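# Descriptive analysis of the structure
Residue strings, one per chain:
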Amino acid sequence: MIIKGFQKLTLLDFPGRVAATVFTPGCDFRCPFCHNASLVLDRDEALDQDEILAFLKGRLGRLTGVAITGGEPLMQADITDFMRTLKDMGYAVKLDTNGSFPQKLQAILDEGLADYVAMDIKNCRERYAETCGLPGASSEGLLSNIDESIAILRGGKADYEFRTTVVKELHRREDIEAMGRWMAGDDKFFLQCFKDSGDILKPGLSAYSDDEMKALCDVFKAYVPKASLRGL
Ligand code: SF4
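Everything in this summary refers to the structure shown in the same document. (Residues numbered from 1 in each chain as written. Predicted model: local features only at pLDDT ≥ 70, side-chain atom pairs only at ≥ 80, totals over all residues. Heavy atoms only, no water.)

### What to know about unusual backbone geometry
Just so we agree on the cut-off: Segments assigned H or I by DSSP are reported as helices when at least four residues long, segments assigned E as strands when at least two residues long, and all are numbered from the N terminus.
The residue after glycine 70, namely glycine 71, is reached through a cis peptide bond having omega 10°. Inspection of the secondary structure assignment puts glycine 71 in the loop between strand 3 (65–69) and helix 3 (79–89).

In structure tokens, the structure reads:
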């Protein structure tokens with residue numbers, strides 16, 4: 001698998017675990033607020049997968065999980081082999097995905113290769129393609145994959161969360177409300193405030209204040225009661 005970033009220790013990326021994080025390059029989306037532009041545009045040198053696996057082998061016990069993020073990890077041809085190697089080693093595995101590869105997601109869950117999946121829900125259905133940075137894309141094709149991935153996760157084969165990065169220019173109150181109507185249910189759902197990492201795909205976007213985020217979360221919780229804010 002192509003790996004272009006590796007964080008040896010994280011207490012944040014994998015809920016409840018002391019973990020390492022593996023970053024894969026490339027993505028089929030171009031979300032303007034993406035905070036990993038270098039990865040998405042595949043600018044960096046690849047790291048040695050064997051060295052990373054050797055490191056993880058040596059840290060087993062002190063680390064209990066590996067989070068795989070991107071980019072979009074499911075674009076990697078051998079992602080399932082990599083996840084299987086981690087599981088065989090004894091690690092719990094978390095996968096981040098944008099939900100556009102439901103068949104791969106299903107295969108991974110069927111084989112028990114992911115313990116936790118975090119899937120982005122970019123916006124309400126009406127603004128989905130725009131928020132993914134694919135304004136010309138067929139909303140129908142895009143959303144049918146997203147709908148399928150949501151249904152797969154709700155099937156309960158692994159613990160999961162949905163999450164939305166909220167950006168002032170892309171998420172109006174009525175968009176958050178429409179997204180709430182769409183996602184109504186009892187899922188674990190996090191609204192996280194946009195932050196400029198310095199490696200943004202389309203610089204110049206802005207964040208809501210903490211109070212504005214709390215107000216938006218209240219709007220959303222009318223439909224998704226278990227929703228909460230992350231990172232304020
Ligand atoms: S935010 Fe995620 S889905 Fe969007 S471009 Fe970046 S890596 Fe891809």
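Don't stop here, the text continues.
### Quick word on the sheet that holds strand 4 (residues 92–97)
Formally: Two strands qualify as a pair provided DSSP detects at least 2 bridges between them. To get an axis, fit a line to the C-alpha atoms, keeping to the stretch in contact for a helix; angles then go from 0 to 180 degrees between the N-to-C directions.
Spatial ordering of the open sheet is given by 1-2-3-4-5-6-7-8, a layout of 8 strands whose pairing is mixed. Only two strands of the sheet have a single partner each, and these edge strands are strand 1 (5–10) and strand 8 (228–230). Averaged over all pairs of adjacent strands, the angle between strand axes in this sheet comes to 25°, irrespective of strand direction. With 4 bridges connecting them, strand 1 and strand 2 (residues 19–23) associate as antiparallel partners. Counterpart to threonine 10 in the pairing with strand 2 is alanine 19.

### Some words on helix 6 (residues 139–154)
Quick reminder of the rule: Multiplying 1.5 Å by the residue count of a helix minus one yields the expected span of that helix. Burial classes: relative accessible area under 20% of the type maximum marks a residue as buried, over 50% as exposed, and values in between as partly exposed (1.4 Å probe, protein chains only). Note on contacts: a residue pair is in contact if any heavy atoms of the two residues lie within 4.5 Å.
With 16 residues, helix 6 should reach 22 Å at 1.5 Å per residue; the first-to-last C-alpha distance of 22 Å fits that figure. Listed as buried for helix 6 are Leu142, Leu143, Ile146, Ser149, Ile150, Ile152 and Leu153. Those residues of helix 6 that are buried are in contact with helix 4 (102–110), strand 5 (116–120), helix 5 (128–131), strand 6 (159–166) and helix 7 (173–182). Glycine 156 occupies a position one or two residues after helix 6 and carries a positive phi of about 85°.

### Focus on the environment of aspartate 199
Note the cut-off: In protein, a polar contact requires one atom able to donate a hydrogen and another able to accept it; more generally it is a pair of N or O atoms within 3.5 Å, and residues adjacent in sequence count only if both atoms are side-chain atoms.
Residue placement: aspartate 199 occurs in the loop between strand 7 (189–193) and helix 8 (210–221). By relative accessible area, which is 23% here, aspartate 199 ends up partly exposed. Separated by 58 residues in the primary sequence, aspartate 199 and glycine 141 have C-alpha atoms spaced 29 Å apart. In contact with aspartate 199, other than residues within four places in its own chain, are Cys34, His35, Asn36, Ala37, Ser38 and Arg43. At a separation of 3.0 Å, a polar atom in the side chain of aspartate 199 contacts the side chain of serine 38.

### Concerning the nonpolar core
Across soluble globular proteins, you tend to see nonpolar side chains buried next to one another. Rule in force here: By nonpolar core is meant a set of buried Ala, Val, Leu, Ile, Met, Phe, Trp, Tyr and Cys residues that side-chain atoms within 4.5 Å join together.
Counting 69 residues, the largest nonpolar core has Leu56 and Ile121 as the members making the most contacts within it. Sort the elements by how many residues they give to this core and helix 6 lands first, with 6 residues. Those residues in contact with isoleucine 121, other than ones at most four positions away along the chain, are Tyr128, Ile146, Ile150, Phe162, Arg163, Thr164, Met179, Trp182, Met183 and Phe189.

### A look at the packing of helix 4 against helix 6
Rule in force here: Small angles under 35 degrees read as roughly parallel and large ones over 145 as roughly antiparallel, with 65 to 115 read as roughly perpendicular and the rest as oblique. Definitions for this section: a left-handed crossing has its near helix turned counterclockwise from the far helix by less than a right angle. A right-handed crossing has that turn clockwise. Lys, Arg, Asp and Glu make up the charged group, whereas Ala, Val, Leu, Ile, Met, Phe, Trp, Tyr, Cys and Pro make up the nonpolar group; the residues left over, Gly among them, are polar.
Where helix 4 meets helix 6, the axes come as close as 9 Å, and the angle between the chain directions of the two elements is 15°. Taken together, helix 4 and helix 6 sit at an angle that is classed as roughly parallel. In this structure, helix 4 meets helix 6 at a crossing whose hand is right-handed. On helix 6, the residues that touch Pro102, Leu105, Gln106 and Leu109 of helix 4 are Asn145, Glu148, Ser149, Ile152 and Leu153. In the contact of helix 4 with helix 6, the residues fall into 5 nonpolar, 3 polar and 1 charged.

### Side note on the site of the ligand
Rules: Nearness of a residue to a molecule or strand requires only that one of the residue's heavy atoms be within 4 Å of it. Throughout, the protein atoms alone are placed on a 1 Å grid, and a set of points is a cavity if a 1.4 Å probe fits but cannot get out or a pocket if it is open with protein on both sides within 12 Å along at least five of seven lines; lining residues have an atom within 4 Å of a point. Whether a molecule sits in a cavity or pocket is decided by its atoms, more than half of which must lie within 2 Å of the grid points.
Taken together, Cys27, Phe29, Cys31, Cys34, Val40, Gly71, Asn98, Asp120 and Lys122 make up the full set of residues adjacent to the ligand. When each cavity is represented as a set of grid points, the ligand is found to reside in the largest pocket.

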